[in-house]
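An overview of the molecular structure
The primary structure of each chain is shown beneath.
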Amino acid sequence: MALVMNDENEGLQHRRGFISRDLIGIAVILATAAIGYFAFPDNLALLTRMITIALFVLSLDLVTGYCGVATLGHAALFGSGAYAAGILSAHYGINDPLLMMLAGIAGGAVAGLACGAIILRAHGLPQLVLSIALINLFHEFANKASSWTGGSDGLSGIAPDPVFGLFEFDLYGHTAFFFGMALLLIVFVLLRFLVRSPFGMLCRAIKQDPLRIRAMGASPKAALIRMYAISGAVAGVGGALNAISTQVVGLDSLSFTQSAEALVMLVLGGTGSLFGALSGTVIFMLFEDYVSAANPFHWLTMVGALLIAVVLFAPKGLYGTAADFVSRRREQRS
């Protein structure tokens, strides 16, 4: 009886610890958003862009950080969500932001299922090659289907209605920023539940030892395809937000560069951690914006130097290394 009570108490303490970390994480996100809002009142477009990319990097973390799937074509999911939302508005006249968001989620999820079914047929280097081939195929298809996507000129004519019929998307970007923050918080909370769920733990176990998972009777491929679909839905949220906030969708949303930069942001913050994905996005985009304005000719050199320093001295990413340091200090004190 005492052992049962101890187990229940430990479980309760673990749950309280998770909840407290979640609340702290939400508070940090809100504080960072508030600081950005007051620090960059005339550049809310940058902050909204940061939110869209943060959603994209979170989706990449689900398949790369938690599942160990190597991919350099994840922008296919982001761009599919952006084009789905944009086409719904530009060609069908459905301009409700929430319906556009649902279209983006559906577009990203379908692209995730398709890409996952193909990429997961290989492992290691062939997997990377397949992902690069897929992003090039998506890019070329969008370029050729110019009657729907606008081709190289981009998809224009996107005119989202006010959110709930009350909040118009103004030129200063206030509505887009707050709409994006609400989406980011909702997605973050849902993903925190997901990665701690039995399904999330299964995906982590598949990353560590897929053979043992298969021996236990589970199907690693089926689980990874489901996670790919979820990742696509999250990327679709980011893509739809990008279409709604900028009111244009270009081929750059389906570019290899977009995929590579997202992977860089994830590595910078730390893979296998939602907080790492968010912190890596914020640090990279702020650093990129600052150094490109300070030195427009050599800013890529400085970005490269930052990445080299992080890989050499913080291989788990900035957030991952800091979290490890804090946990070691706690162990030493206890």
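Criteria and cut-off values
- Numbers given to residues run from 1 along each chain, matching the order in which its sequence is written.
- Side-chain atom pairs in this predicted model are given and counted only at pLDDT of 80 or more, local residue features only at pLDDT of at least 70, and totals for whole chains, interfaces and linings cover all residues.
- To get the side-chain values, take all heavy atoms of the structure and skip hydrogens and water.
- Helix and strand definitions here come from DSSP, where helices need a minimum of 4 consecutive H or I residues and strands a minimum of 2 consecutive E residues; each element is numbered from the N-terminal end.
- Taken over C-alpha atoms, the radius of gyration is set against a globule rule of 2.2 Å times the number of residues to the power 0.38.
- A 1.4 Å probe rolled over the protein chains alone gives each residue an accessible area, and that area as a share of the maximum for its type sets the label: buried under 20%, exposed over 50%, partly exposed in between.
- Computed with a 1.4 Å probe, the accessible areas rest on the Shrake-Rupley method; for each residue, only the protein chains presented here act as cover.
- Counted charges follow a simple rule, with Lys and Arg positive, Asp and Glu negative, and His plus the chain ends left uncounted.
- Here the site of a charge means NZ on Lys, CZ on Arg, CG on Asp, or CD on Glu.
- Cysteine sulfur atoms are paired as a disulfide whenever they come within 2.5 Å of each other.
- Here a patch means residues that are over 30% exposed by relative accessible area and free of salt bridges, tied together within 9 Å if like-charged and within 5 Å if nonpolar (Val, Leu, Ile, Met, Phe, Trp, Tyr).
- By salt bridge we mean one thing: a side-chain nitrogen of Lys or Arg within 4 Å of a carboxyl oxygen of Asp or Glu.
- Only the stretch in contact is used when fitting a helix axis, every axis being a line fitted to C-alpha atoms; angles between N-to-C directions are given from 0 to 180 degrees.
- It only takes one pair of heavy atoms within 4.5 Å for two residues to be counted as in contact.
- Only Asp, Glu, Lys and Arg are considered charged, only Ala, Val, Leu, Ile, Met, Phe, Trp, Tyr, Cys and Pro nonpolar, and every remaining residue, Gly among them, polar.
- Paired rings are identified among Phe, Tyr and Trp, the last through its six-membered ring, by centres lying within 6.5 Å, and are further divided according to the angle between planes into stacked (under 30 degrees), edge-to-face (over 60) and tilted (the rest).

Let us now look at the overall build of the protein. The helix and strand tally for the protein stands at 14 helices and 0 strands. For 334 residues, the compact-globule estimate of 2.2 N^0.38 gives 20 Å, and the C-alpha radius of gyration of the protein, at 20 Å, lies within 12% of that figure. Taken along the three principal axes of its C-alpha coordinates, the protein extends 65 × 45 × 45 Å. Sorting the 334 residues of the protein into buried and exposed places 45% on the buried side. Accessible surface, the protein: about 17100 Å² in total, of which carbon and sulfur atoms supply 67%. Taken as two groups, the 19 positive and 19 negative side-chain charges of the protein have centres that lie 14 Å from each other.

Take unusual backbone geometry next. Of note, the phi angle at F164 is positive, near 60°, even though the residue is not glycine. Counting through the fold element by element, F164 comes out in the loop between α6 (146-149) and α7 (174-196). The backbone of Q247 sits at a positive phi, close to 60°, despite the residue not being glycine.

Glancing now at the state of the cysteines. Using the criterion set out here, one finds 0 disulfides in the structure. Here C67 is not disulfide-linked; the sulfur of C203 is the nearest cysteine sulfur, at 4.0 Å. No disulfide involves C115; its sulfur sits 15 Å from that of C67, the nearest cysteine.

The next subject is a positive patch on the surface. Taken together, R21, R329, R330 and R333 make up a surface patch of like positive charges. With 3 residues, helix α14 (residues 317-333) is the largest single contributor of residues to the positive patch.

Turning our attention to the packing of α7 against helix α8 (residues 198-208). Between α7 and α8, whose axes approach to 4 Å, the crossing angle comes to 65°. Residues L194, V195 and R196 of α7 touch α8, and the partners they reach there are P198, F199, G200, M201 and R204. Residues of the contact of α7 with α8, tallied by class, amount to 5 nonpolar, 1 polar and 2 charged.

Two aromatic rings, taken as a pair, are described by how far apart their centres are and by the angle between their planes. Enumeration according to the criterion identifies 9 aromatic pairs in this entry. Note on F56 and F78: the rings are 5.0 Å apart at their centroids and 35° apart in plane angle, and the pair reads as tilted. With F56 in helix α2 (residues 44-64) and F78 in helix α3 (residues 75-90), this residue pair connects regions lying 22 residues apart in the sequence. In this structure, F56 and F78 share a single accessibility class: buried. Note on F275 and Y319: the rings are 5.8 Å apart at their centroids and 35° apart in plane angle, and the pair reads as tilted. Here F275 is found in helix α12 (residues 274-294), whereas its partner Y319 is found in helix α14, with 44 residues between them in sequence. Using a relative accessible area of 17% as the deciding quantity, one classes F275 as buried. Under the relative-accessibility criterion, Y319 is labelled partly exposed at 32%. The structure contains a cluster of three or more aromatic residues connected by ring pairs, namely Y37, F38, F177 and F178.

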